[in-house]
Amino acid sequence: MDHTDIIIIGAGAVGLALVARLSVKYSVVVLEMEESFGRHTSSRNSETVHSGIYYPQNSLKTKLSLRGNELLYRFMKENDIAHNRCGKYIIASSEDEIPEIERLYKNGIANGVPGLRMADGAEIEKAEPQVRAIAGVHVPTAGIMNSYELMKRLETISKDNGALFSYRSEVSRVEQFNKGYAVTTTSGDSITADIVFNCAGLFSDRVAESAGINIDSMNYRLSLCKGEYYKSDNVKKMNLLIYPVPSPDGKSLGIHNRLFTDGSVTFGPNAYYLDENRADYSMNEKFKEEILYSVSTFMKTDVSDLYPYDCGIRPKLQKPGDKFRDFVITNETSCGLKNFINLIGIESPGLTSCLAIAEYASSLIED
Ligand SMILES: Cc1cc2nc3c(=O)[nH]c(=O)nc-3n(C[C@H](O)[C@H](O)[C@H](O)COP(=O)(O)OP(=O)(O)OC[C@H]3O[C@@H](n4cnc5c(N)ncnc54)[C@H](O)[C@@H]3O)c2cc1C
């Protein structure tokens with residue numbers, strides 16, 4: 001059997017950030033089930049560079065989005081990756097939403113998000129004339145990015161460092177072997193490594209289970225929550241990001257404008273749990289009216305021509321009705337699996353945080 005220092009399972013933004021970092025020092029093999037990188041959540045999201053305003057203080061989501069925001073802008077600037085630090089307003093569309101805006105502002109200040117400022121409706125409508133708002137928080141460090149360019153660059157850096165990418169290699173089993181692991185794919189090929197990172201996104205709970213972890217007692221079983229985007233041809237361009245107050249159940253950040261770095265605009269994502277635990281990227285138009293209603297609460301422009309565009313699926317640890325769940329990023333030494341490092345529940349702000357997640361997860365390697 002071939003041997004390498006590290007196997008990374010999954011070439012989404014998180015796996016790619018890890019291999020780019022670790023391949024400087026270690027031999028690394030990436031096993032990815034699709035024919036190329038980023039075919040799942042990392043290419044099906046809002047591409048917002050988040051600020052760290054939303055989540056509880058001291059959570060990994062807060063720490064890693066704050067650090068990730070800083071690392072990502074620096075990396076994108078140095079590597080000529082399309083992005084725009086356009087900023088965003090989280091807006092109140094009615095008086096009863098103002099307390100939530102004030103709570104978010106205070107939460108962001110406590111989290112150390114730089115530059116936050118309360119804004120009145122006139123300021124917001126001047127900054128983005130297509131929008132209606134009565135108040136909001138201005139978040140200057142939020143922005144947009146091109147996730148394909150980011151992932152392509154991370155793949156190139158990794159290959160230049162000598163990392164090997166094995167596409168069309170779906171991992172079916174991880175077993176302890178000598179002091180490390182044997183990782184087997186559905187085609188029956190096996191490779192051994194001292195260290196394994198499970199970055200399998202929507203399937204990361206299944207990969208953990210294949211390594212012998214009881215995902216129910218560890219609370220690692222994922223619930224999948226779809227988010228769909230719609231487009232209106234009446235909206236050609238917008239100046240910055242407009243987010244509503246987040247949904248009170250913590251399922252999502254709410255339906256907002258998604259700005260692409262080429263200047264185009266879509267709206268979404270909604271949030272609904274899938275019955276079956278699998279990646280199904282069909283659009284369910286039964287939610288169209290709800291989306292139209294949400295977008296119309298903040299857009300002055302007529303968006304009644306909204307039509308389905310695309311969707312993504314959130315790998316959530318938070319089941320329906322659950323409270324906040326943080327990312328799981330852990331070396332499973334306590335399960336007897338030293339240097340099997342799980343990254344599970346990497347939903348938003350996982351793209352923003354990918355470089356910081358790589359920094360943090362790498363620090364968990366034990367001698
Ligand atoms: C609707 C939506 C909007 C979002 N908006 C934002 C946003 O604006 N900003 C932000 O920061 N984050 C956002 N996110 C979250 C962000 O997209 C994710 O956190 C991030 O992309 C996760 O990256 P990943 O590498 O962990 O997962 P993925 O990109 O899903 O990569 C996992 C990889 O593992 C591979 N894989 C799976 N199983 C196996 C196996 N058995 N063997 C081999 N390979 C396997 C898959 O093919 C895939 O390539 C959003 C997510 C959604 C769904």
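Residues numbered from 1 in each chain as written. Predicted model: local features only at pLDDT ≥ 70, side-chain atom pairs only at ≥ 80, totals over all residues. Heavy atoms only, no water.

Let's shift gears to the pairing of strand β15 (residues 256-259). Pairing between β15 and strand β16 (residues 265-268): four bridges, direction antiparallel. Among the inter-strand pairings, Leu-259 is bridged to a residue of β16, identified as Val-265. As consecutive antiparallel partners, β15 and β16 are separated by five residues, and within that stretch Gly-263 has a phi angle of approximately 100°, a positive value. (Pairing = 2+ DSSP bridges. Helix = DSSP H or I, 4+ residues; strand = E, 2+ residues; numbered from the N terminus.)

Let us look at the site of the ligand. Lining the immediate surroundings of the ligand are 39 residues, of which Glu-32, Ser-42, Val-171, Ile-346 and Thr-352 lie closest. Contact distances for the ligand include 3.3 Å between an oxygen atom and a backbone N or O atom of Ala-13. Between the ligand and the protein, one listed contact pairs an oxygen atom with a backbone N or O atom of Leu-351 at 3.2 Å. If the ligand stood free it would expose 1000 Å²; the protein chains cover 97% of that surface. Of all the secondary structure elements, the ones that give two or more residues to the shell around the ligand are α1 (13-22) and β18 (307-316). Here the shell around the ligand is built from residues that sort into 17 nonpolar, 15 polar and seven charged. No fewer than three residues from each of domain 1 (2-43 + 148-221 + 324-362) and domain 2 (88-140 + 225-316) sit in the shell around the ligand. (Near = heavy atom within 4 Å. Polar contact = N/O pair within 3.5 Å; in protein donor to acceptor, adjacent residues only side chain to side chain. Areas by Shrake-Rupley, 256 points an atom, 1.4 Å probe, with all protein chains shown as cover. Nonpolar A, V, L, I, M, F, W, Y, C, P; charged D, E, K, R; others polar. Domains from an automatic or database assignment.)

Assigned domains within the protein chain: domain 1 (2-43 + 148-221 + 324-362) and domain 2 (88-140 + 225-316). One C-alpha centre belongs to domain 1, the other to domain 2, and the line joining them spans 31 Å. The interface of domain 1 with domain 2 comprises 12 residues on the first partner and eight residues on the second. Of the roughly 850 Å² buried at the junction of domain 1 and domain 2 (both faces included), carbon and sulfur atoms supply 51%. At the junction of domain 1 and domain 2, the tally comes to one salt bridge. Salt-bridge contacts for Glu-347 lead to Lys-316; the nearest nitrogen and oxygen are separated by 2.6 Å. (Contact = heavy atoms within 4.5 Å. Buried area = accessible area lost by both parts, 1.4 Å probe. Salt bridge = Lys/Arg side-chain N within 4 Å of Asp/Glu carboxyl O.)

As summarised here, the arrangement of the three strands in space is β3-β8-β4, forming an open sheet in which the pairing is antiparallel. The sheet is open, and its two borders are formed by β3 (48-49) and β4 (83-84), each paired with just one other strand. Where β4 and strand β8 (residues 143-145) come together, two bridges link them in antiparallel fashion. In the strand pairing of β8, His-83 is matched with Met-145.

Let us now look at the packing of aromatic side chains. This structure, assessed with the given rule, holds eight aromatic pairs. Pairing Phe-260 with Tyr-309 gives two aromatic rings, centres 6.4 Å apart and planes at 50°, and the pair type is tilted. Pair noted here: Phe-260 is in the loop between β15 and β16 and Tyr-309 is in strand β18, with a separation of 49 residues, a long-range link. The exposure class of Phe-260 is buried, given its relative accessible area of 18%. Residue classification places Tyr-309 among the partly exposed positions, given a relative accessible area of 42%. Measuring from ring centre to ring centre gives 6.3 Å for Phe-267 and Phe-298, while their planes differ by 55°; the resulting arrangement is tilted. Pair noted here: Phe-267 is in strand β16 and Phe-298 is in helix α7 (residues 288-298), with a separation of 31 residues, a long-range link. On the basis of relative accessible area, Phe-298 is assigned to the buried category, the value being 2%. (Phe/Tyr/Trp six-rings, centres within 6.5 Å; stacked < 30°, edge-to-face > 60°. Buried < 20%, exposed > 50% of the residue type's maximum accessible area, 1.4 Å probe, protein only.)

Glancing now at the sheet that holds strand β6 (residues 117-120). Pairing within the open sheet is mixed, and its four strands lie in the order β6-β7-β5-β14. Each of the sheet's edge strands pairs with one partner strand only, and the pair in question is β6 and β14 (241-243). On average, each strand axis in the sheet is tilted by 30° relative to the strand beside it, whichever way the strands run. Running at roughly 145° to strand β5 (residues 88-92), helix α3 (residues 98-111) makes contact with β5, β6 and β7 (135-139) of the sheet. (Axes fitted to C-alpha atoms, helices over the stretch in contact; angles between N-to-C directions.)

This brings us to the nonpolar core. The biggest cluster of nonpolar side chains holds 48 residues, and the ones touching the most others in it are Ile-8, Leu-18, Leu-150, Phe-197, Ile-329 and Leu-343. Sorting the residues of this core by element identifies β1 (2-9), α1, β2 (28-31), α2 (60-78), α5 (147-160), β12 (190-198), β20 (340-344) and α8 (354-362) as the ones contributing at least two each. Counting residues per element, this core draws most heavily on α1, at eight residues. Leaving out residues up to four positions away in the same chain, Ile-329 has contacts with Leu-60, Leu-64, Asn-342, Leu-343, Ile-346, Ile-357, Tyr-360, Ala-361 and Leu-364. In terms of nonpolar packing, the next biggest core, distinct from the first, is built from 42 residues, Ile-53, Tyr-89, Val-113 and Val-245 among them. (Core = buried A, V, L, I, M, F, W, Y, C linked by side-chain atoms within 4.5 Å.)

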